[in-house]
Amino acid sequence: MADAGAGSLHGGDSALSCLPEEQELSQRLRRLYPAVNQEETPLPRSWSPKDKYNYIGLSQGNLRVHYKGHGKNHKDAASVRATHPIPAACGIYYFEVKIVSKGRDGYMGIGLSAQGVNMNRLPGWDKHSYGYHGDDGHSFCSSGTGQPYGPTFTTGDVIGCCVNLINNTCFYTKNGHSLGIAFTDLPLPAMISNQFMELLQEYIQHLFKSNLYPTVGLQTPGEIVDANFGQQPFVFDIEDYMREWRAKIQGTIKRFPIGDRLGEWQAMLQNMVSSYLVHHGYCSTAAAFARITDTTIQEEQTSIKNRQRIQKLVLAGRVGEAIEATQQLYPGLLEHNPNLLFMLKCRQFVEMVNGTDSEVRCFSARSPRSQDSYPGSPNLSPRRGSNNSHVHSTGADSPTCSNGVLSTKIKQSCSKYQALSSSSSSSSSSSPSSVNYSESNSTDSTKSQQHSSTSNQETRHLAFLSFFYLSDSEMEMEAEHYPNGVLENSSTRIMNGTYKHEEILQTDESSMDNCPQRQLCGGNHAATERMIQFGRELQTLSEQLCREYGKNTMHKKMLQDAFSLLAYSDPWNCPVGQQLDPIQREPVCAALNSAILESQNLPKQPPLMLALGQASECLRLMARVGLGSCSFARVDDYLH
Amino acid sequence: MACVLEAPLRMSVLSEVTASSRHYVDRLFDLDPQKVLQGVIDMKNAVIGNNKQKANLIVLGAVPRLLYLLQQETSSTELRTECAVVLGSLAMGTENNVKSLLDCHIIPALLQGLLSPDLKFIEACLRCLRTIFISPVTPEDLLYTDATVISHLMALLSRSRYTQEYICQIFSHCCKLQHWHSCGFKSLPQPLLCANGPDHQTILFNHGAVQNIAHLLVSTSYKVRMQALKCFSVLAFENPQVSMTLVNGKHKVLVDGELLPQIFVKMLQRDKPVEMQLTSAKCLTSMCRAGAIRTDDSCIVLKTLPCLVRMCSKERLLEERVEGAETLAYLIETDVELQRIASITDHLIVMLADYFKYPSSVSAITDIKRLDHDLKHAHELRQAAFKLYASLGANDEDIRKKIIETENMMDRIVNGLSESSIKVRLAAVRCLHSLSRSVQQLRTSFQDHAVWKPLMKVLQNAPNEILVVASSTLCNLLLEFSPSKEPILESGAIELLCSLTQSENLALRVNGIWALMNVAFQAEQKIKSDILRGLSTEQLFQLLSDSDVNVLMKTLGLLRNLLSTRPHIDHIMSTHGKQIMQAVTLILEGEHNIEVKEQTLCILANIADGTTAKELIMTNDDILQKIKYYMSHSNAKLQLAAMFCISNLVWNEEEGSQERQDKLRDMGIVDILHKLSQSSDPNLCDKAKTALQQYLA
């Protein structure tokens, strides 16, 4: 999963390069430095033809460096830096240099330097410059005099340079053997101290000055070296070294002391789980959880149920009803949130196009064909969907209420199931595989399989919580009296990151392909007229808002996108067709839910999500200020 | 029955405590089996973690009763299992507890229990056996008294992860080498393993240990993996047979489609637990030393060696650092390339200097526990560092230089030579020996630090183990160019060396005579006389008839060195001529290899160089015939050596040369010389011509 995530993150650069070596380089770099956002901080891939002294010649794709000066004395020294500095998010960075020829005297230096350091010098001689020299084996730490460090090196040797951005040290390797720490005080940000924010500023300024670049320097004629920034496998087993540090950092996290407040700690965790359940309106689950853990729920049961009802409506695409219910249950809320109202109305319009909003559905409910053909149809309970094919004849209001709304994924599998039972033209393999697919996305597959085998998928939303200590019996009981998992989709998405989202989208598209008979507003003429009418009202609302609050580009865009749907004969397969995807209901639903909670003086985001967001943001920040350990403590590693 | 045990134990101090303990014991004798079972269970709960209670119960005689219940066929399996559990708990206590259990013959009883069909009972027995066998007071041989035990244990390996864990642990603790402490230094004589019958490794190997345990290396249980790995590290240690099988036995051992070395390499990965890395490095080291893996194989050069160097780093526990250094010393001991790689890896030479800083001044102040811990390991650390330095500097002059340039290195060695711990002294001498192979260091640092003084001290009354290395070091220090030579001689080295030549220990005899040979090289008259006097003629003859060719060669070398420069030759021959001529005759007549005979002929040539000593040859027709014989020998070296004799005898500037020439011509020597002057061998040809010229002049 993490791989998939990384892959989607940097999909860009593999697409750019088509040469196999380039591809291998990109692959290796991604594998070595998965935490690096290469769009923000590109990795060094070759020597820079601009950032070098003119006694340096480059060839072989700017990887080979040769000396072309006189080489009379140290004043003829010449260096070249890599194209990019080493990003801190590497955690541990490594490159190798092979000595192709030691030339006349073998005065070669390999190391690091900051931008702006004089290139008419060997690395290590100046401030913010570090080097290991072949002629005497000494290390030069921003000084003209070296310290005895390692063996000398010469033609045929492969010298590696490893920068550890976690403890700000550097060591070299010779022919795959680690030579030990050379520098311990690299000018990279130190560990977090108490005055974190204060230092942060300092760090960021500091970084601009002293980001380190891989650097080589030569001094006598005939000296030639080749760099390997990942083009080829390294001689030294750097991945093994990285493994050690990953284990170290994860060990630190694991052993992080939470002090004597163990009781409080547990209470806090319980509170986080409970508030999460309440937030998303898993009301019975929250009650069960509260009972077992002997905690209390802040919000009243009825309040939770109300929110739940509204959310269900939004997710079912019945936005009109949702607006009504909100106005009824929380008077004044939408009036005070015109932006939210506008967003809801826009969505309502989209759902009308979709044929799902109740204002248009009342016209088309009796058309079995349209029911059948729409994959995301919310009023199909899984039980019905999988048990019989009469669904279309009963698919009206009452079952929807009692069963609530299904998650997108479940809907997909149901519709596919239907497609199979109603038309033999569907490929036989697609149906079971899509069912399995939806199951495997659940966090606890055994549990969900068990439920799906009895077609009782109502408790699936609970699966992701199975790592908390709900006993099986509690889960079963829960299933009996608790209705559907409304938000399973959104919860899964949040828990697993965006790539999953994309997979779902893909399946959606393919399922759409299987159902070619989708029509505007369910194909009903009256409904279409109602939709157009509604569009006009929306336009008016937009203008009114514009008058009252000034221009709002967001509104404009929303409106434009929504109206654009009408410009295409097949809105589902048009450039703006994505809006029709049921998944797009989720942000709307979440916004409404947050607004309601806020109006009740409850947190608009569950603390669990806040903590998660905090952790992710913290890691991003660490990468930006050069705290290398961020690369070995990714949030994804802890979400299973 | 219980009252029988009461009488001897009336100790007032104990009485109160024992009252409750006795209650537990009494309940073991209840007639109702159900009550007995409950009694055993209660006892189990009472002894957990309570050493005093354990001791009390043992004193009160619980052990025989528990063993009785355990062995009774009529006992329920549950009861027997609980008995084994309680016994295991008792064994967890002090060493005295284990001794008491052993006295009650617990091992045969538990081994018998392994024949039961009940897995729970078997596991309890194994667990108890494991606890007993890992105790240092338990003789390992107890596992091998019955031949069927091992094969039964091998069969039980498949039963459960607990049987796997316990059995592997038992094996790895019952397979110890007797020279465990001198890890890796094969060059020195070791006590023989179990004189009667094959050693433990071979027994286990013959029962298919490798095949049976190999698949446990990929068990899902970490404990099982670890114990299996430990088992292999012990089985393979200095055992070429096991080591070869691990790599490519007749039936290739594959686990999950991988060869064992590959599995070991995976266990070396840096994110694996340190214990696992270290143990698998030990396995690979043994396999490498046994020749099963080449020393230039990447799994040694790029994996095992760097892993062991990392084990020496400051971040590791003291125990791990000791084991890491010892294993690395063993790995690189005989391979100069590995020595070179290790010497540049992670500043190892500097890193090792830290081994001498325990207990550190900080630990003494900060807390007493740490001080205690440091003190306990200080000796081990020092000896391990010395061993590794010895291996590092065994062959390469540059490495030796680097070692000696390490802070206070020579002082540390000198201090090490006089430490109370034999282990440290031995390792320090070893280190010194390794460094003494450097001509440059002998002339400089060895002299600056007067290393010879503590070395001479070590040689007094030291155990043979140390004497062997120390005398070998002394050999180097006595080389002609060594400035230490003189002070060493003045401090009575000759006498010491002469006494070494009388040792039962072959290595000591060789070193003694070798050192004397070095001393005699270009020495002054007095020293030579001292040697002869110290050695005595009888001893000299004794050595010349030594069964070991090395001793013989060095003795002849000594003679040759003694018989150099004319005045010395004449002097020595005037006093010992008769005996020496006898010895020479004896050797030339005896069955010896070419080198020995050559050396002997060279001695004759030296004698022939003397002024008066010449006569000892000229008057000895037997010897002259022998020289003549060797002039026509098939081996050119011997011919040449014989020619040297002749050449010296016929040299015409010296007194009486005419007579000698005549005599030799009469013997037909000149004819041979003519023949040899036609030889295709340029050396022989030249020598013959020079000799013939003496006749012409």
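For the structure given in this document, a descriptive report is provided here. (Residues numbered from 1 in each chain as written. Chains lettered and ligands numbered in written order. Predicted model: local features only at pLDDT ≥ 70, side-chain atom pairs only at ≥ 80, totals over all residues. Heavy atoms only, no water.)

Details of the environment of B:R294
Residues and elements named next belong to chain B.
Stage number 1. Relative to the assigned elements, R294 resides in the loop between α16 (274–289) and α17 (298–311).
Stage number 2. Look at R294 and you get exposed, because its relative accessible area is 58%.
Stage number 3. Those residues in contact with R294, other than ones at most four positions away along the chain, are C288 and I300. (Helix = DSSP H or I, 4+ residues; strand = E, 2+ residues; numbered from the N terminus. Buried < 20%, exposed > 50% of the residue type's maximum accessible area, 1.4 Å probe, protein only. Contact = heavy atoms within 4.5 Å.)

A few points about the packing of aromatic side chains
Residue and element names in this part refer to chain A.
Stage number 1. In total, this model carries 22 aromatic pairs over all chains according to the counting rule given.
Stage number 2. A ring pair is formed by Y93 and F95, whose centres lie 6.4 Å apart and whose planes are at 35 degrees; its orientation type is tilted.
Stage number 3. A residue is classified by how much of its surface remains accessible, and Y93, at 0% relative accessible area, is buried.
Stage number 4. We classify F95 as buried; its relative accessible area is 0%.
Stage number 5. An aromatic cluster of three or more residues is present, and its members are Y130, Y132, Y149, F153, Y172 and F183.
Stage number 6. When the ring centre of W245 is taken as origin, the NZ or CZ atom of K248, which lies over that ring, is 4.0 Å away. (Phe/Tyr/Trp six-rings, centres within 6.5 Å; stacked < 30°, edge-to-face > 60°. Lys NZ or Arg CZ within 6 Å of the ring centre and 35° of its normal.)

Quick word on helix α25 (residues 585–599) of chain A
Stage number 1. Between its first and last C-alpha atoms α25(A) spans 21 Å; for 15 residues at 1.5 Å apiece the expected length is 21 Å, and the two agree.
Stage number 2. For α25(A), the full list of buried residues reads A:R585, A:E586, A:V588, A:C589, A:L592, A:N593, A:S594, A:A595, A:I596 and A:L597. (Expected span 1.5 Å × (residues − 1).)

Considerations on the nonpolar core
Stage number 1. Formed by 244 residues in total, the largest nonpolar core has its most connected members in B:L392 and B:L604.
Stage number 2. Beyond its immediate chain neighbours, meaning those up to four positions away, B:L392 contacts B:I332, B:Q339, B:A342, B:S343, B:L348, B:I349, B:L352, B:I399 and B:I403.
Stage number 3. Counting residues in hydrophobic clusters, the runner-up holds 71 residues, among them A:L29, A:A89, A:A114 and A:M242. (Core = buried A, V, L, I, M, F, W, Y, C linked by side-chain atoms within 4.5 Å.)

Section: the sheet that holds strand β13 (residues 212–218) of chain A
All names here are of chain A.
Stage number 1. Sheet architecture is open: seven strands sit in the order β1-β4-β13-β6-β7-β8-β9, paired in antiparallel fashion. Strand pairing shows two members of the sheet lacking a second neighbour, β1 (47–52) and β9 (147–148), which therefore form its edges.
Stage number 2. Inspection of the sheet shows β1 paired to strand β4 (residues 78–82) by two bridges, in the antiparallel sense. Bridging across to β4, K52 finds its partner in V80. (Pairing = 2+ DSSP bridges.)

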